[in-house]
Amino acid sequence: MLTAIRRGIVVGIGIVLQILLSLMVLLFFSSRIAWIEAAYRILGVLLVLAIVKRSRRLSADLPWIIIILVFPIIGALLYVIIGNNLRRSQTMKRILRSTEENAHYLKPDKEAQRLIEAHELDQLKYLTDCAGFPATLGNDVKYYPLGDDVYPVMLEALEKAEKFIFMEYFIIRKGQLWQSFLDILERKAREGVDVRVVYDDLGSLAMLPKNYPKELEARGIKCFAFNRLGPVQGVMMNNRDHRKMTIIDGHTVFSGGINLADEYINVTHPHGEWKDNGIMIKGPAVWSYTVMFLTMWNAFRPEDADFTAFRHDFDRGPASEGLVVPYGDSPLDDEIVGENVYLNIINQARRYVWIYTPYLIIDSDMINALILAASRGVDVRIVVPGIPDKKLVFAVTSSYFEPLVKGGVKIYTYTPGFVHSKVFVCDDSIATVGTINMDYRSLYLHFENGNYLYGVDAVADVKADLEAAFSRAHRITEREATPRFIRGVGQSVLRLFAPLM
């Protein structure tokens with residue numbers, strides 16, 4: 001919500017400045033107003049044409065196009081500062097360089113590839129061949145329907161760490177959860193375990209002191225805050241580290257939706273019951289997480305010449321255990337991995353596809369895919385919060401209810417509270433569990449991670465979790481989904497600027 005408010009403030013200030021500038025031109029340069037107006041209108045049009053030419057998701061760029069055409073000077077300035085700062089950022093250049101240098105650590109597994117080819121698993125071909133994330137066999141996967149469930153398991157696993165603990169999270173907030181982790185991390189560091197922590201500076205803003213990395217370093221815990229906020233660029237920086245992972249000794253990883261704060265385990269209840277999830281993986285799939293973490297770490301603290309020092313050797317499990325593909329998403333390449341995974345699942349579904357998402361702010365490709373699946377008889381269901389954490393963002397989410405419900409998609413609001421899970425399950429064989437919301441920021445702008453599961457037992461647990469959620473949720477009727485005139489106009493305006501939120 002803080003990010004949305006800041007962006008709203010910036011845009012509001014820009015509009016006010018544009019009006020003031022126009023008045024100044026009118027008062028002091030009235031004789032030249034025609035050519036001044038024409039000049040900055042032409043510049044605005046040229047910038048819009050450049051945006052259209054390079055755009056891969058025009059609906060995501062539409063708000064910028066409107067702002068620039070209506071307020072050319074300030075709109076162009078805001079776009080350069082906010083919308084186009086990815087290419088200028090030294091932070092992003094470091095990550096891109098580290099990603100390119102360390103991509104060779106993610107090599108395909110030949111036995112997994114043969115299985116993919118034999119069963120014509122096109123979705124997995126995309127992840128392995130195009131996106132570059134190896135499929136793995138022989139993993140033990142556990143799915144936990146609540147943060148409350150996975151929390152004690154994480155504590156137990158951390159206590160057993162002998163070599164290293166790597167943690168990367170969007171949010172760390174001081175409280176019961178983080179203190180219990182911190183006590184273990186500090187003790188393990190004293191025992192000689194390599195303990196490293198990364199958190200997002202914006203995600204943890206007002207939750208941790210500015211010098212918190214130094215505090216952790218003093219306790220023997222290596223730490224840095226991702227993309228530190230600066231006086232200008234940092235405050236408006238789009239690209240955040242939204243990933244969640246805890247890697248222990250290279251053999252165990254925890255991920256899912258939970259951050260390291262008390263609401264994620266329902267110690268506090270800011271929005272009713274906090275419905276989140278965790279996933280634990282033991283097996284060869286952990287290596288992909290280790291590489292993702294070390295790639296990010298060494299972009300800013302280059303200290304690992306050979307990542308294989310952190311690789312755990314596993315005995316090969318039987319192929320019948322199914323396939324696990326951990327994957328990441330980055331704004332630095334041309335692959336929109338998170339959205340492509342979601343779209344492929346929807347497009348290939350035959351019987352059902354059920355979804356958890358805290359935010360539903362999607363483009364026309366996703367809307368059409370969901371409706372098309374429902375139209376061909378697929379049972380498409382989406383569970384969103386019953387008690388939202390951000391009222392403005394939920395107002396945008398609810399604006400998508402009408403076309404989806406009228407198109408045959410079933411929308412449920414989770415009555416007990418807030419849904420933070422990011423989960424798909426399909427046809428009893430496929431699931432993905434990770435950090436990727438169905439909104440513009442997660443799909444296009446943030447660093448994210450997910451786990452594609454095929455044929456593993458945990459898929460049934462994901463399905464059971466959603467079945468339980470339906471019984472505690474309210475299904476939105478077509479009448480409820482259809483707004484009255486005033487509300488409909490307001491939703492249209494919010495939808496227009498949804499990519500900026």
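Look up: the structure comes first, before these words.
We now turn to the structure provided with this report. In this text the structure is predicted, and so the values were computed from the model without any measurement.

## Considering the overall build of the protein
- Looking only at helices and strands, the protein has 19 helices and 18 strands in total.
- Relative to its full complement of 501 residues, the protein shows a buried share of 57%.
- Long-range pairs, those at least 24 residues apart, make up 81% of the contacts in the protein between residues at least 6 apart in sequence.
- With the model as given, the accessible surface of the protein reaches about 21100 Å², and the carbon-plus-sulfur share is 58%.

## A closer look at the packing of aromatic side chains
- Considering all chains together, one arrives at 22 aromatic pairs under this definition.
- A centroid spacing of 6.4 Å and a plane angle of 45° characterise the contact between Y359 and F418, whose relative ring orientation is tilted. Pair noted here: Y359 is in the loop between β11 (352-356) and α13 (364-375) and F418 is in strand β14 (residues 417-419), with a separation of 59 residues, a long-range link. For the pair Y359 and F418, one class covers both residues: buried.

## Side note on the sheet that holds strand β10 (residues 323-329)
- Taken in spatial order, the nine strands line up as β1-β10-β17-β16-β15-β11-β12-β13-β18 in an open sheet, and their pairing is mixed. Either end of the sheet is taken by a strand with one partner, and the two such strands are β1 (136-137) and β18 (473-475).
- Strand direction decides the pairing type here: β11 and strand β15 (residues 423-426), joined by four bridges, are antiparallel. Counted as the bridge partner of Y356 is V423 from β15.
- Against the sheet, helix α11 (residues 286-300) touches β10 and β17 (448-454), its axis set at about 15° to β10.

## With respect to the pairing of strand β16 (residues 430-434)
- Summarising burial for β16: five of the five residues are buried, a large majority.
- The alternating pattern of β16 places I430, T432 and G434 and A431 and V433 on opposite faces, both of which are buried.
- Where β15 and β16 come together, four bridges link them in antiparallel fashion. When the sheet's bridge partners are listed, V425 is paired in β16 with A431.
- Between the antiparallel neighbours β15 and β16 lie three residues, among them D427 with a positive phi of about 55°.
- Two strands pair when backbone bridges link them, and β16 and β17 are joined in this way by five bridges, in the antiparallel orientation. Of the residues in β17, the one forming a bridge with A431 is L453.

## Here we look at helix α9 (residues 176-190)
- A rise of 1.5 Å per residue sets the reference length of α9, with its 15 residues, at 21 Å; its end C-alpha atoms lie 22 Å apart and thus fit the reference within 8%.
- Those residues of α9 not exposed but buried are L177, W178, S180, F181, L182, I184, L185, K188 and A189.
- Against the buried residues of α9 lie α8 (147-159), β3 (164-169), β4 (194-200) and α10 (212-218).
- Positive phi appears at G192, one or two residues downstream of α9, with a value of about 100°.

## A closer look at the nonpolar core
- Judged by nonpolar contacts, the single largest core of 154 residues is most densely connected at W178, F181, L370, Y400 and I411.
- Considering every element that reaches this core, the biggest residue donor is α11, with eleven residues.
- Discounting residues that sit within four places of it in the chain, L370 has contacts with I346, I355, I362, V380, I382, L404, V409 and M438.

## Brief notes about the environment of L115
- Relative to the helices and strands, L115 resides in helix α6 (residues 110-118).
- On the basis of relative accessibility, which here comes to 22%, the residue L115 falls in the partly exposed class.
- Distance in space between the C-alpha atoms of L115 and G322 is 9.6 Å, their sequence separation being 207 residues.

## Observations regarding the sheet that holds strand β9 (residues 278-282)
- In space, the seven strands of this open sheet follow the order β2-β9-β7-β6-β3-β4-β5, with mixed pairing throughout. Edge positions in the open sheet fall to β2 (140-144) and β5 (222-226), since each of these has one partner strand only. For this sheet the average axis-to-axis angle between neighbouring strands, irrespective of direction, equals 10°.
- Note that β3 and β4 share six bridges and pair parallel.

## Topic: the pattern of salt bridges
- Taken as a whole and judged by the stated rule, the model has 26 salt bridges.
- Here K275 makes a salt bridge to D465, at a shortest N to O gap of 3.1 Å. Of the two residues, K275 sits in strand β8 (residues 273-275) while D465 sits in helix α17 (residues 458-470), which places them 190 residues apart along the sequence.
- Judged by relative accessible area, which is 4%, K275 ranks as buried.
- With its nearest N and O atoms 3.1 Å apart, the salt bridge here joins D379 to K410. Placement of the pair is D379 in strand β12 (residues 379-385) and K410 in strand β13 (residues 410-414), with a sequence separation of 31 residues.
- Since its relative accessible area comes to 22%, K410 is described here as partly exposed.
- A single network of salt bridges, built from pairs that share partners, joins D194, R196, E217, K222, R301, E303 and D304.

## Describing the packing of helix α7 (residues 122-130) against helix α12 (residues 337-348)
- Between α7 and α12, the shortest axis-to-axis distance is 10 Å and the interhelical angle comes to 165°. Considering the angle they form, α7 stands roughly antiparallel to α12. With respect to the hand of their crossing, α7 and α12 are arranged in right-handed fashion. Of α12, the residues touching α7 (which contributes D122, Q123, Y126 and L127) are V337, N340, V341, N344, I345 and Q348.
- Residue composition of the contact of α7 with α12, grouped by class: five nonpolar, four polar and one charged.

Calculation notes
- Residues numbered from 1 in each chain as written.
- Predicted model: local features only at pLDDT ≥ 70, side-chain atom pairs only at ≥ 80, totals over all residues.
- Heavy atoms only, no water.
- Helix = DSSP H or I, 4+ residues; strand = E, 2+ residues; numbered from the N terminus.
- Buried < 20%, exposed > 50% of the residue type's maximum accessible area, 1.4 Å probe, protein only.
- Contact = heavy atoms within 4.5 Å.
- Areas by Shrake-Rupley, 256 points an atom, 1.4 Å probe, with all protein chains shown as cover.
- Phe/Tyr/Trp six-rings, centres within 6.5 Å; stacked < 30°, edge-to-face > 60°.
- Pairing = 2+ DSSP bridges.
- Axes fitted to C-alpha atoms, helices over the stretch in contact; angles between N-to-C directions.
- Expected span 1.5 Å × (residues − 1).
- Core = buried A, V, L, I, M, F, W, Y, C linked by side-chain atoms within 4.5 Å.
- Salt bridge = Lys/Arg side-chain N within 4 Å of Asp/Glu carboxyl O.
- Parallel < 35°, antiparallel > 145°, perpendicular 65-115°, else oblique.
- Left-handed = near helix turned anticlockwise from the far one by under 90°.
- Nonpolar A, V, L, I, M, F, W, Y, C, P; charged D, E, K, R; others polar.

Scope: geometric values only; no functional claims are made or implied.
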